[in-house]
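A look at the structure
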2 protein chains.
Amino acid sequence: MSPDSKRGPRADASRNAARLVAAAREVLAEAGNDAAFDVIARRAGVGNATLYRHFPTRADLLVAVYADEVAALCDRGTRLLEAPEPVDALFAWLDEFTVHVATKRALALAATEETAERRTALFHQWHAAITSTADRLVDRARPALRDEVTALDLLTLASGAAATTGAAHARRLVALLRTGVTTGG
Amino acid sequence: MSPDSKRGPRADASRNAARLVAAAREVLAEAGNDAAFDVIARRAGVGNATLYRHFPTRADLLVAVYADEVAALCDRGTRLLEAPEPVDALFAWLDEFTVHVATKRALALAATEETAERRTALFHQWHAAITSTADRLVDRARPALRDEVTALDLLTLASGAAATTGAAHARRLVALLRTGVTTGG
DNA sequence: ACCTGAACACCGTTCAAGT
DNA sequence: ACCTGAACACCGTTCAAGT
C-alpha cells in the first residue's frame, strides 16, 4: 500500500472544486444554463482543463451546483412522511419536485441525454436521492393509489411535463394527475 | 407590380430544397439527429449557406424531413374520428403520437427550445396540424372526459414522457393516463 | 498528484463575390 | 433571385509541460 492511497484529495484540488462550483453558480445565473465552460473556469481562476477533470460532463457540474437545493428537496420529502395525509404529502412533494425540475430544465434534459456509459458517480447519487424519496412517499400513500402506478411513473410524468412546458402548466398537470391515480375511496 | 412578384420559387431553389431534405433524411438516419449541417449540405451537393437559408433552424429541417410522417399521423387521426368509440379513438391516436414523438425526440426538444421569436412558418404549420387533430379527437370524446382535461394537457403529458423516457415506458404512461382522465361511466 | 493554458477539432453563422 | 465556399467565432476536449 502506497502511503497516499487512503488520503483524501489534495488541499488545492478540493479548494478548486469549491471555487468552480461557486463560479458556476454565478455564471449560470447570469448567462443561462448553457454558459461556456471556459467562462466558468476563468471566473473561478483555474485552468479550463481543471474544470473538465473535476466535472467531466455538464450534468456533473449542474448536480454539484444544485446539490444543496436537491438535499433540501429530499429533506422536505422526509419530513412530509410525518404528515397526517399520505396522499396530500405525496402530491405536495411532487409539486415541489415539479417546480424544481422546471427551473433546472437543463439538468433534467442532460439526465436523459447522458448515455448510460457516461453516467458518473455524482450523477447516480443525485438520481438515487430523488427516487428513494419518491419511493418512500409512494409506499406510504400506496393504499390510496391505483395498483399499477409506480413512483417512477409519477416522477417521469412530472419531470417530463416540467422539462417540456413551463412551471405553471406542469403544476396544473401534476394536480390533474392526482385525481387520475388515486382510487375512488 | 414587378413581373416576378407572384411567381413561385426558382426551379433550382426548389430542386435544392428537395435534395436537402432527401440528404438530411439519409444523414440523420446514419449519424443521428444531431448530425452536422455541413455534412448534410455536402451530401446534397449544395453550399452550406444554401441549407441554412432554406431551413434557418434545425427544427425547420426536422419538420421538413418528417413532414410525410406527420401528415400520415394526422390523416390517421382524421380517420379515427369515424371510429365507433370516441375514447378508444382518442387514445389509439395518442399512442401513435407517443411513438412518433419518442423517435423524433430531437424535434420535440427543439420545439420547446426555440424561443418564440425564432419560430418559423414551417414550424407553426407542423404544430398546428398536430394540435388541430388532437382537438377534434378530444371534442368528440368530451362527454367521457373529465371537464378540466384539455387536448393540450394530453399532448404535453404524452410528448413530455415520450421525449424524456423511452417509447415503451411512455406508452405505458399514456395508457395509465386514460383511466385517470376518463369519467366513471 | 494536480494544475496550466495553449492547441486542436468541430460546427453554426455570416458575407463578399459569383451567376 | 439564388447560389457558393471561404472566413469567422465559439466552444468542448485533449495534451505536453510545469509544480
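Labelled according to an unreviewed UniProt entry, chain A appears under the name TetR/AcrR family transcriptional regulator, originating from Dactylosporangium aurantiacum.

Moving on, we come to the interface of chain B and chain A. Counting residues at the interface gives 25 residues for chain B, matched by 25 residues for chain A. Taking both sides of the interface into account, the surface hidden between chain B and chain A amounts to around 2000 Å²; carbon and sulfur atoms contribute 63%. A per-residue breakdown of the area chain B buries against chain A is headed by B:Leu157, B:Thr164 and B:Leu176, which together make up 25% of the total. For the interface between chain B and chain A, the tally reads two salt bridges. We note a salt bridge from B:Arg172 to A:Asp153, for which the minimum N-O separation is 2.4 Å. At the surface where chain B touches chain A, the tally comes to six residue pairs in polar contact (both at pLDDT 80 or more). Put simply, the parts of the chain that give the side of chain B that touches chain A at least two residues each are helix 7 (105–113), helix 9 (151–164) and helix 10 (167–181) of chain B. The class makeup of the residues in the side of chain B that touches chain A is nine nonpolar, 10 polar and six charged.

In this section: the protein's contact with DNA strand C. Taken together, 18 residues lie near DNA strand C, and A:Arg10, A:Asn16, A:Ala49, A:Arg53 and B:Tyr52 sit nearest. Atoms of DNA strand C within 4 Å of the protein: sugar and phosphate make up 64%, bases the balance. One of the side-chain N or O atoms of B:Arg58 is found 3.5 Å from a phosphate oxygen in DNA strand C. Considering every element that reaches the surface near DNA strand C, the biggest residue donor is helix 3 (residues 48–54) of chain A, with five residues. Of the residues that constitute the surface near DNA strand C, the class distribution is seven nonpolar, seven polar and four charged.

Turning our eyes to something else, we now look at the UniProt feature "domain: HTH tetR-type" (unreviewed entry) in chain A. Cross-referencing UniProt, the feature "domain: HTH tetR-type" (unreviewed entry) maps to residues 14–73 of chain A in the present numbering. Summarising residues 14–73 of chain A: 80% helix, 0% strand, and an end-to-end C-alpha distance of 25 Å.

This paragraph deals with the packing of helix 10 (residues 167–181) of chain A against helix 9 of chain B. Between helix 10 of chain A and helix 9 of chain B, whose axes approach to 11 Å, the crossing angle comes to 95 degrees. One way to sum up the angle between helix 10 of chain A and helix 9 of chain B is to call them roughly perpendicular. Contacts between helix 10 of chain A and helix 9 of chain B involve A:His169, A:Arg172, A:Leu173 and A:Leu176 from the former and B:Leu152, B:Asp153, B:Thr156 and B:Leu157 from the latter. Taken together, the residues of the contact of helix 10 of chain A with helix 9 of chain B break down into four nonpolar, two polar and two charged.

What counts and what doesn't
Residues numbered from 1 in each chain as written. Chains lettered and ligands numbered in written order. Predicted model: local features only at pLDDT ≥ 70, side-chain atom pairs only at ≥ 80, totals over all residues. Heavy atoms only, no water. Contact = heavy atoms within 4.5 Å. Buried area = accessible area lost by both parts, 1.4 Å probe. Salt bridge = Lys/Arg side-chain N within 4 Å of Asp/Glu carboxyl O. Polar contact = N/O pair within 3.5 Å; in protein donor to acceptor, adjacent residues only side chain to side chain. Helix = DSSP H or I, 4+ residues; strand = E, 2+ residues; numbered from the N terminus. Nonpolar A, V, L, I, M, F, W, Y, C, P; charged D, E, K, R; others polar. Near = heavy atom within 4 Å. UniProt positions renumbered as here; feature names shortened; annotations may be inferred. Axes fitted to C-alpha atoms, helices over the stretch in contact; angles between N-to-C directions. Parallel < 35°, antiparallel > 145°, perpendicular 65-115°, else oblique.

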